[in-house]
Amino acid sequence: MQENDVQARIRANPRFQEFVRKRNSYSILMSVLGALAYYGFILLVAFDKEFLAAKVAPGAVTSVGIPIGIGVIVFTIALTWVYVRRANSEFDDTNASIIRDAEK
Amino acid sequence: MTHLQRIVAAVSAVVIAGLACAAGPDLGQSTRQTTNVTAIVMFAVFVFGTLWITKWAASKTRTAADFYTAGGGISGFQNGLAIAGDYMSAASFLGISGLVFANGFDGLIFSIGWLVGWPVITFLMAERLRNLGKFTFADVASYRFSQTPLRTFAAVGTLVVVVFYMIAQMVGAGQLIKILFGLDYMVAEVLVGAIMMMYVLFGGMTATTWVQIIKAVMLLGGATFMALAVLFHVGFSPEALFVQATEVHAKKDAIMGPGALIKDPVSAISVGMALMFGTAGLPHILMRFFTVPNAKEARKSVAWATTWIGYFYILTFIIGFGAIVMLIQDPVTFYVDGDISKGLKGGGNMAAVHLANAVGGNLFLGFISAVAFATILAVVAGLTLSGASAVSHDLYASVWRKGNVDSVTELRWSKGATLALGFLAIALGIAFEKENVAYMVMLAFTIACSGNFPVLFMSVLWKDCTTKGAVAGGTVGLLLATILTIGSASVWESVLNNPAGSAWFPYNSAAIFSMTAAFLVIYIVSKLDNSAQAQKERALYPAQQIRSETGVGASTASAH
């Protein structure tokens with residue numbers, strides 16, 4: 001667990017600190033989006049039931065709440081994939097290059 | 001059936017005040033149905049198939065590392081399916097489709113709550129867990145801290161969550177077997193206990209993973225078939241499905257909007273927190289991140305898990321509405337005395353099971369019944385493995401032997417702990433047969449989000465966190481979550497039989513208070529801690545951060 005040379009060089013690299021900051025703010029942004037979608041939906045249920053029960057079109061039976069509810073599920077899944085795609089390509093590439101620099 | 005019904009009814013009552021009464025009358029102790037031979041044969045095929053896999057897995061389970069992590073060679077896609085298999089319980093399949101059947105839209109609100117924890121794990125936890133951990137989440141939480149106090153806390157947090165979660169599963173199994181197979185409660189306890197022990201004891205994580213993958217594929221496949229059959233019935237038009245459902249449902253158009261669901265916003269938000277952050281504190285889920293080779297695969301695992309779980313909830317919604325439309329066409333087969341006003345045979349949670357009969361006949365009914373029961377088996381196996389690891393890896397190898405133990409001895413302890421937990425599961429299942437265990441899954445989530453999650457989160461992400469702060473905060477969160485839950489109506493009145501209205505904790509969920517308290521105590525105690533040990537722990541943060549963010553030095557898959 002003691003810090004070795006590679007770790008010390010990574011820590012000294014300004015790119016590492018910038019990389020961690022960038023990825024963390026992206027994680028937090030995505031977490032906030034996910035939480036907003038969920039709590040927004042729950043607060044709609046708590047405070048504006050009529051809105052969710054309204055019909056999508058005059059004469060239709062499908063209510064506005066159905067596409068919104070299914071939408072929250074689909075949005076949650078999509079958000080996860082958007083994050084994972086970026087983390088697994090762009091972020092991992094940066095990460096690998098920082099480690100390569102430190103191992104030289 | 002009563003218990004499963006109560007589990008679902010009261011978990012929903014937690015999310016939603018008032019829903020419990022709308023969910024249908026409590027039918028009392030469930031009665032044994034006629035023996036369903038097809039279902040028993042299908043289940044037997046599943047058991048023989050999975051035991052055959054266990055035999056193969058046993059040849060690959062030689063070291064403690066194999067037992068805990070399946071050698072670390074599971075792919076992200078496989079692990080995603082296994083996580084989904086760990087998470088999609090019988091209660092969520094039968095319970096949520098039953099809720100949709102009874103209340104329509106409200107069932108959708110309920111299911112969304114169970115999905116929202118996954119993005120949190122993806123964005124904040126998955127790769128850090130993989131980079132810092134080895135076998136258990138305590139490895140991560142105690143990375144730079146004093147081992148004995150932190151691991152002891154983490155092991156207690158693990159075991160408490162595992163036991164509450166397990167009681168709900170074992171009692172659910174007993175009630176379910178009476179209705180699905182027409183067998184006795186006791187048969188379920190012994191069957192689940194014995195088969196699960198064989199998976200974990202001989203096949204460790206490898207067998208448990210494959211049982212969960214197979215179960216997930218069977219459940220997703222069966223549910224997909226049912227949803228497609230429903231959509232086919234209505235000409236693939238959701239509007240037509242809703243038109244027909246509102247025509248025949250007793251609540252008419254009310255099923256298209258929110259019902260009695262959320263009355264009190266504090267409870268709603270508190271339950272939301274328990275589900276959102278509790279998922280990231282469930283030891284049997286966290287443990288699955290150590291079965292993949294690296295952070296990339298860990299992220300893929302959660303993305304796949306989120307996809308399958310979200311897809312599954314959309315299916316249960318279609319299945320619930322399909323049951324409204326299709327079961328009414330044959331009241332004699334599906335309703336008590338053929339009278340729609342008397343409710344479904346076997347209770348409201350049987351909507352999906354009856355629908356299986358309606359769309360696929362007796363053979364498919366047998367298949368779905370077998371899958372519903374196999375689901376419990378897979379969940380209990382995951383829980384037992386996680387509990388056993390806490391005993392052997394955290395308590396025995398790390399706390400007692402201070403890490404000076406060889407792999408063979410540690411593996412022997414894992415197996416001993418598995419046996420002990422297996423017998424405990426059977427004993428608890430029998431002891432709680434007549435008890436109301438509805439609150440237990442929610443209690444497990446509340447403890448996970450108030451004890452395990454804050455400790456894990458702060459130890460990994462806050463540089464000033466210390467051992468004292470983490471242990472103090474985690475303990476406060478765990479105790480407060482338990483005490484406040486006891487004071488809420490779902491335990492104080494429904495379980496302890498105090499008069500209605502006497503519950504001294506006014507909300508349905510403790511999470512908003514207990515989780516906040518845990519974070520506050522961790523912060524304050526850590527800030528006040530200026531001991532030499534605390535200084536040392538803070539000094540170790542940069543090295544921990546580098547490993548957690550880059551994966552440099554992360555433990556790799558064990559080689560054979």
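Parameters at a glance
Residues numbered from 1 in each chain as written. Chains lettered and ligands numbered in written order. Predicted model: local features only at pLDDT ≥ 70, side-chain atom pairs only at ≥ 80, totals over all residues. Helix = DSSP H or I, 4+ residues; strand = E, 2+ residues; numbered from the N terminus. Rg over C-alpha atoms; globule rule 2.2 N^0.38 Å. Buried ≥ 20, exposed ≤ 12 C-beta atoms within 10 Å, placed from the backbone. Contact = placed C-beta atoms within 7 Å. Expected span 1.5 Å × (residues − 1). Axes fitted to C-alpha atoms, helices over the stretch in contact; angles between N-to-C directions. Parallel < 35°, antiparallel > 145°, perpendicular 65-115°, else oblique. Left-handed = near helix turned anticlockwise from the far one by under 90°. Nonpolar A, V, L, I, M, F, W, Y, C, P; charged D, E, K, R; others polar. pLDDT = per-residue confidence, 0-100. Core = buried A, V, L, I, M, F, W, Y, C linked by C-beta atoms within 7 Å.

A. Main features of the overall build of chain A. Counting its secondary structure elements, chain A contains 4 helices and 0 strands. Its helices and strands taken in sequence order, chain A reads α-α-α-α from the N to the C terminus. By the compact-globule yardstick of 13 Å for 104 residues, chain A is too spread out, its C-alpha radius of gyration being 22 Å. The principal-axis extents of the C-alpha atoms in chain A amount to approximately 70 × 25 × 20 Å. A buried classification covers 29% of the 104 residues belonging to chain A.

B. Expanded view of the overall build of chain B. Each helix and strand in chain B was counted, giving 24 helices and 0 strands. A compact globule built from 560 residues would reach a C-alpha radius of gyration of about 24 Å, and chain B, at 23 Å, matches this within 12%. Principal axes of the C-alpha set define a box for chain B whose edges measure 75 × 50 × 45 Å. Relative to its full complement of 560 residues, chain B shows a buried share of 67%. Put simply, of all contacts in chain B between residues at least 6 apart along the chain, 84% involve residues at least 24 apart.

C. Representation of helix H20 (residues 467–487) of chain B within the structure. Look at H20 of chain B: 30 Å from first C-alpha to last across 21 residues, which is about the 30 Å you get at 1.5 Å a residue. In terms of residue burial, H20 of chain B counts as a mostly covered element, since 16 of its 21 residues are buried.

D. Fine view of the packing of helix H12 (residues 238–248) of chain B against helix H15 (residues 295–327) of chain B. Residue and element names in this part refer to chain B. In the contact formed by H12 and H15, the axes pass within 9 Å of each other and the chain directions differ by 55°. Between H12 and H15, the interaxial angle falls into the category oblique. As for how H12 packs across H15, the hand of that crossing is left-handed. Note on element contacts: H15 touches H12 through Phe321, Ile324 and Val325, opposite Leu241, Gln244, Ala245 and Val248. Along the lines of polarity and charge, the residues of the contact of H12 with H15 split into 6 nonpolar, 1 polar and no charged.

E. Layout of the interface of chain B and chain A. Facing the 43 residues of chain B at the interface are 42 residues of chain A. Among the elements of the structure, helix H7 (105–113), helix H8 (117–132), H12, helix H13 (265–278), H15 and helix H24 (541–550) of chain B are those that each provide at least two residues to the side of chain B that touches chain A. Among the elements that line the side of chain B that touches chain A, the one with the most residues is H15 of chain B, at 10 residues. Among the residues making up the side of chain B that touches chain A, the classes are represented as 30 nonpolar, 8 polar and 5 charged.

F. Main features of the confidence of the model for chain B. Residue and element names in this part refer to chain B. Here chain B averages 90 in pLDDT, while 93% of its residues score no lower than 70. Within chain B, the lowest mean pLDDT, 30, falls on helix H2 (residues 19–22), and the highest, 97, falls on helix H22 (residues 511–528). For the stretch residues 1–29, pLDDT sits under 50, and the model shows 94 contacts to residues farther than four places along the chain or on other chains. Predicted as a complex, the structure gets a pTM of 0.91 and an ipTM equal to 0.95.

G. Spatial organisation of the environment of Gly278 of chain B. All names here are of chain B. Here Gly278 lies in helix H13. Residue classification places Gly278 among the buried positions, given that 29 C-beta atoms sit within 10 Å. Excluding anything up to four places from it in sequence, Gly278 contacts Gly117, Phe445, Thr446, Ala448, Cys449 and Phe453.

H. Inspection of unusual backbone geometry at higher detail. Residue and element names in this part refer to chain B. Phi at Phe236 takes a positive value of approximately 55°, unusual for a residue other than glycine. Take Phe236: it is sitting in the loop between helix H11 (185–233) and H12. A count of 11 C-beta atoms within 10 Å places Phe236 in the exposed class. Located in the positive-phi region is Asp337, a residue other than glycine, with phi close to 55°. Within the secondary structure, Asp337 is located in the loop between helix H16 (331–334) and helix H17 (351–400).

I. Seen up close, the packing of helix H10 (residues 147–180) of chain B against H20 of chain B. All names here are of chain B. Viewed as axis vectors pointing N to C, H10 and H20 meet at an angle of 20°, and their least axial separation amounts to 9 Å. Accordingly, the angle class assigned to the pair H10 and H20 is roughly parallel. In this structure, H10 meets H20 at a crossing whose hand is left-handed. Residue-level inspection shows Pro149, Leu150, Phe153, Gly157 and Val160 of H10 in contact with H20, the latter providing Thr467, Ala470, Val471, Gly474, Thr475 and Leu478. Per-class residue counts for the contact of H10 with H20 are 7 nonpolar, 4 polar and no charged.

J. Highlighting the nonpolar core. Judged by nonpolar contacts, the single largest core of 230 residues is most densely connected at Leu355 and Val380 of chain B. The greatest single-element share of this core, amounting to 30 residues, is contributed by H17 of chain B. Counting residues in hydrophobic clusters, the runner-up holds 6 residues, among them Ile10, Phe16 and Ile98 of chain A together with Ile546 of chain B.

K. Focus on the confidence of the model for chain A. When pLDDT is averaged along chain A, the result is 92, and 97% of the positions lie at 70 or above. Looking across chain A, the model is least confident in helix H1 (residues 5–12) of chain A, with a mean pLDDT of 86, and most confident in helix H4 (residues 65–103) of chain A, with 95.

L. Representation of helix H18 (residues 407–431) of chain B. All names here are of chain B. Between the first and last C-alpha of H18 there are 35 Å, a value that for 25 residues agrees with the 36 Å anticipated at 1.5 Å per step. What H18 keeps buried is the set Glu410, Leu411, Trp413, Ser414, Ala417, Thr418, Leu421, Gly422, Ala425, Ile426, Leu428 and Gly429. Taken together, the buried residues of H18 touch helix H4 (64–69), H10, H11 and H17.

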